[in-house]
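Residues per chain are reported as follows:
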Amino acid sequence: MNRAAVTLSALVLLALSGCTAGTIKSDKSDKSADAGPAPALRLAAFDSCDDLLKDLRAAAQEAVGPWALGETDLKVGAVPAPADNRAATASDAKSAAGAGVDYSGTNTHEAGVDEPDLVKTDGKRIVTIAPDGTLTVVDAASRKITGTLALEAVRRTIFDGTLLLSGDRALVLGYDYRDRRQPGTQLTLVDLAGPPKVAGRYRIDGLLVDARQIGSVARVVVRSAPQFELPEQSPDADNDTRLAANRAAVAAAPISAWLPRWTTTDAAGKESEGQVDCTAVSRPEVYSGTSMLTIATFDLAAPALGDGDPVSVVADGGIVYANGPSLYVANDQRWRTPVAGPGPLIKRGSGVVVPQRTQLFKFAIAGAARPRYVAGGEVPGWLLNQYSLSEWDGRLRVATTESDASTVYVLEQRGGALAETGRVGGLGKGERIYSVRFIGTAGYVVTFRQTDPLYTLDLSDPSAPRAVGELKITGYSAYLHPAGDGRLIGVGQEASDRGRVQGLQVSLFDVHDMARPARLSQFQVPGAGSPAEFDPHAFLYWPATGLLVVPLNAGKTAQALALSVSDTSIGQAGTITHPAGSGGIQRSLIIGGTLWTVSDQGLQASDLSTLARQAWLPFA
């Protein structure tokens, strides 16, 4: 097979889905504390641009193989990618500014930290992205579409065509594939004060990892790969010849090949462009040189997007978690694993075998200031998703799976290190984590192979976290949601006693006595599933009335399952259906006395009490 002139940026971003990197300065005087199994990961600034280029070339030469940069023995699809559970915590009722109307917002991991999704509301209007990339604005009171705006290079998918909302500004996150050598992330700022109009655009090299918003300030995380080509070679060339030629190409690459470029455009169409400054780039002690992780900052209350004040670090990463004062980026390098299933070893392109570990980078995010790297660490194993991370009382809890069991670590910042203070291991021996939830000083971990042990953890003493209870039932919960007063809701799959899944299962757990967790009630839909199992943005729980709504994949009708949750039971309240041909219902939210649901073809308003249809608003 002739892979001559392979574009490294596109290839690496597709093959190394866990890679990232970036730009950040740190205090070189920081001392790495002894963190045991969570060693310090001190970031250091390069002494000069020449040193940066030298080190990047050396790392990339080590990572390149006969056919590609970052080549390993991994076969495509051999190891499942992390589940995309990018949102989930109690959807606390909010009050729209000046409107006095309670509304649900969207389901997010941490209160006060918003996450991109395909629909947003402020209690007065609903803003969403149609599948063709058209931004649509709905007035919640009149139940009418009041504005639309066709957006370039945006299609509504789980990663592309999501948005954030602040006042009269919406920030739409999408991909820009016009430069096939280096795909980019495109941000579009939309002014909603009148008819929707573009107020600015921003493009940066690399694919979107995730974003978080606190107040009006959004932090956007992207990853990019080096932009240069491998030499064209004869189809008959042997691997040694190919490897030598590829390493020579890496050795000749300029520094600009690694540094992400950005372009910003204001409302008048005036463009400014730049590139991450080589003097700002920092790196951990070990890195591959195959990618950059960049964090850009935007104040949506400002007149324009600006340059994002990007910071980057030469590191791999793919999971983002933020709780307000802190933002973490995690890299578990699962893409390097040479065998299927959770394994303790990973193999680099050179064939060197090293333990499977997850790197953690902590950034302080205050106001609209540039993120500041403050500490780093490592733990064995890999993460399920962002819910495997939680900061409480200044300490980070991390749940990981290794080859034989799972462990929850408690880390605290000591200087520039995230050092271990305690751990509780041996969870689900021979199984992997299917869901995690940290609520205050309590932790809940679900593992599964044939049965579902729900472990309850007491994390009140960070030096001695402990498992205090275990509930074994068939099936598993893929998402856990707090329901107050010692109650926990689980959404997942029922299964036979041999582990064969049988259909959607929603469970109500009593965890008031953590030593004796119990399932109070369950509701099953045989043969069905729900997007809420892997994307908690699709989950809605309204504590005021006990209404729980999840999209339902069952048959050809677009529908959502509405359940009534009491203190002791779960029962069906009804089913929401959209007109025929509407595609699957993907999201639901509440504004006042109306339940809104969103599908591929439009939005529907239903009475919150009776679930009767009040209005159908098709996308144009």
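Scroll up for the structure.
Read on for an overview of the structure. Predicted, not measured: the structure shown is a model, and the values here were computed from it. (Residues numbered from 1 in each chain as written. Predicted model: local features only at pLDDT ≥ 70, side-chain atom pairs only at ≥ 80, totals over all residues. Heavy atoms only, no water.)

## A word on the overall build of the protein
Here is the rule: A run of H or I in DSSP counts as a helix once it spans at least four residues, and a run of E counts as a strand once it spans at least two, with each numbered from the N terminus. Here's how the labels work: a residue is buried when its accessible area is under 20% of the maximum for its type, exposed when over 50%, partly exposed in between, all with a 1.4 Å probe on protein chains only. Contacts: residue pairs with any heavy atoms within 4.5 Å of one another. Surface accessibility in these figures is a Shrake-Rupley result with a 1.4 Å probe; residues are shielded only by whichever protein chains are displayed.
Per the secondary structure count, the protein includes 3 helices and 44 strands. Expressed as a percentage of the 620 residues in the protein, the buried residues total 60%. Considering only intrachain contacts with a sequence separation of at least 6, the fraction spanning at least 24 residues in the protein is 56%. As presented, the protein carries roughly 23000 Å² of accessible surface, and 50% of it is formed by carbon and sulfur atoms.

## A short note on the environment of R357
This is how the line gets drawn: What qualifies as a polar contact is a pair of N or O atoms within 3.5 Å, subject to a donor-acceptor requirement within protein and to the restriction that residues adjacent in sequence count only when both atoms come from side chains.
As for its position among the elements, R357 is in strand β23 (residues 357-364). Side chain to side chain, R357 and E378 meet in a polar contact 2.9 Å long.

## Considerations on the sheet that holds strand β34 (residues 487-495)
We apply this condition: At least two DSSP bridges between two strands are required for those strands to pair. To define axes, lines are fitted to C-alpha atoms, for helices over the stretch in contact only, and angles between the resulting N-to-C directions are given on a 0 to 180 degree scale.
Taken together, 4 strands build an open sheet; the order of strands is β33-β34-β35-β36 and the sheet is antiparallel. Edge positions in the open sheet fall to β33 (476-482) and β36 (518-526), since each of these has one partner strand only. On average, each strand axis in the sheet is inclined to that of its neighbour by 20 degrees, with strand direction left out of account.

## Description of the nonpolar core
Spelled out, the test is: As used in this record, nonpolar core signifies buried Ala, Val, Leu, Ile, Met, Phe, Trp, Tyr and Cys residues forming a set joined through side-chain atoms within 4.5 Å.
Counting 23 residues, the largest nonpolar core has L52, L56, W258, V281, M292 and V314 as the members making the most contacts within it. Counting residues per element, the ones that place at least two in this core are α2 (49-63) and α3 (239-252). Setting aside its immediate chain neighbours within four residues, L52 contacts F46, I255, L259, C278 and V281. Membership of the second largest hydrophobic core comes to 21 residues, among which are I489, A538, L548 and V565.

## Quick word on the packing of aromatic side chains
When we look at a pair of aromatic rings, we describe it by the centre distance and by the angle of the planes. As a reminder, the rule being used: Working definition: rings of Phe, Tyr and Trp (its six-membered ring) pair if their centres are within 6.5 Å, and the pair is stacked with planes under 30 degrees apart, edge-to-face with planes over 60 apart, and tilted otherwise.
Tallied over the entire structure, the rule returns 10 aromatic pairs. With a centroid separation of 6.5 Å and an interplanar angle of 10 degrees, the aromatic rings of Y202 and W262 are classed as stacked. Remark: W262 occurs in strand β14 (residues 261-266) and Y202 occurs in strand β11 (residues 197-205); sequence separation between them is 60 residues. Owing to a relative accessible area of 1%, Y202 belongs among the buried residues under this scheme. Ring geometry for Y202 against F298: centres 4.8 Å apart, planes inclined by 70 degrees, an arrangement best described as edge-to-face.

## Brief notes about the pattern of salt bridges
Any two side chains of opposite charge can pair if their charged atoms end up close together. What counts is decided by this rule: Salt bridge, as applied in this entry: a Lys or Arg side-chain nitrogen positioned within 4 Å of an Asp or Glu carboxyl oxygen.
Taken as a whole and judged by the stated rule, the model has 21 salt bridges. In this structure, the salt-bridge partner of R203 is D205, at a minimum N-O distance of 2.8 Å. The burial state of R203 is the same as that of D205; both residues are buried. A single salt-bridge network, built from bridges that share partners, covers D176, R203, D205 and R261.

## What about the pairing of strand β31 (residues 451-458)?
In the case of a regular strand, side chains alternate between the two sheet surfaces. Among the 8 residues that make up β31, 7 are buried, leaving the element largely enclosed by the rest of the structure. Linking two consecutive strands that pair antiparallel, namely strand β30 (residues 442-448) and β31, is a turn of 2 residues. Note that β31 and strand β32 (residues 466-474) share 8 bridges and pair antiparallel. Considered in β32, the bridge of T451 is made with T474.

## What to know about α3
We count it as follows: Helix span, as expected, comes to 1.5 Å for every residue beyond the first. This arc is built from the directions going out from the helix axis to the C-beta atoms.
In this model, α3 (14 residues) spans 20 Å end to end at C-alpha, consistent with the 20 Å of a helix rising 1.5 Å per residue. Within the span of α3, buried status applies to R242, L243, N246, A249 and V250. Within α3, the buried residues cover an arc of 125 degrees as seen down the axis, which keeps them to one side. Residues D240 and A252 are exposed on α3 and point more than 90 degrees away from its buried face. Taken together, the buried residues of α3 touch α2. A side-chain oxygen of the first residue of α3 lies 3.3 Å from the backbone nitrogen of D240; this N-cap is D238.

## Some points on the pairing of strand β39 (residues 559-565)
Within β39, 6 of the 7 residues are buried, which leaves the element mostly enclosed by the surrounding structure. Pairing between strand β38 (residues 547-552) and β39: 6 bridges, direction antiparallel. Bridge pairing links V550 to L561 in β39. As judged from the 7 bridges shared by β39 and strand β40 (residues 570-577), these two strands associate in the antiparallel manner. Each bridged residue has a counterpart across the sheet, and for Q559 the counterpart in β40 is T577. The antiparallel pairing of β39 with β40 creates a hairpin that spans 4 residues between the two strands.

## Section: the state of the cysteines
The condition is simple: When two cysteine sulfur atoms are found within 2.5 Å, that pair is recorded as a disulfide.
The final tally for this structure, using the stated rule, is 1 disulfide. Here C49 engages in a disulfide with C278; their sulfurs sit 1.8 Å apart. Negative torsions about the S-S bond denote left-handed disulfides, and the value of about 55 degrees found for C49 with C278 makes this one right-handed. Placement of the pair is C49 in helix α2 and C278 in the loop between β15 (271-275) and β16 (282-283), with a sequence separation of 229 residues. The partly exposed category is assigned to C49, whose relative accessible area is 26%. Judged by relative accessible area, C278 falls into the buried class, the value being 13%.

## Structural notes on the sheet that holds strand β5 (residues 125-129)
Pairing is antiparallel across the open sheet formed by 4 strands, whose spatial order is β4-β5-β6-β7. At either end of the open sheet lies a strand with only one pairing partner, and these are β4 (119-121) and β7 (144-150). Pairs of neighbouring strands in the sheet enclose a mean axial angle of 15 degrees, with direction left out of account. Two strands pair when backbone bridges link them, and strand β6 (residues 134-139) and β7 are joined in this way by 6 bridges, in the antiparallel orientation. If you follow T134 over to β7, its bridge partner there is A150.

## So, α2
Taking 1.5 Å per residue as the helical rise, α2 with its 15 residues ought to reach 21 Å, and the 21 Å between its terminal C-alpha atoms agrees with that figure. The set of residues buried in α2 consists of L52, L53, L56, A59, A60 and A63. Along α2, the residues classed as buried sweep out an arc of 140 degrees about the axis, all on the same side. Residues of α2 that are exposed and point over 90 degrees away from its buried face: D50 and K54. Those residues of α2 that are buried are in contact with α3 and β17 (292-299).

## Some details on unusual backbone geometry
Positive phi, close to 50 degrees, is recorded for D485, a residue that is not glycine. With respect to the helices and strands, D485 occurs in the loop between β33 and β34. The backbone of L611 sits at a positive phi, close to 70 degrees, despite the residue not being glycine. With respect to the element layout, L611 can be found in the loop between β43 (602-607) and β44 (613-618).

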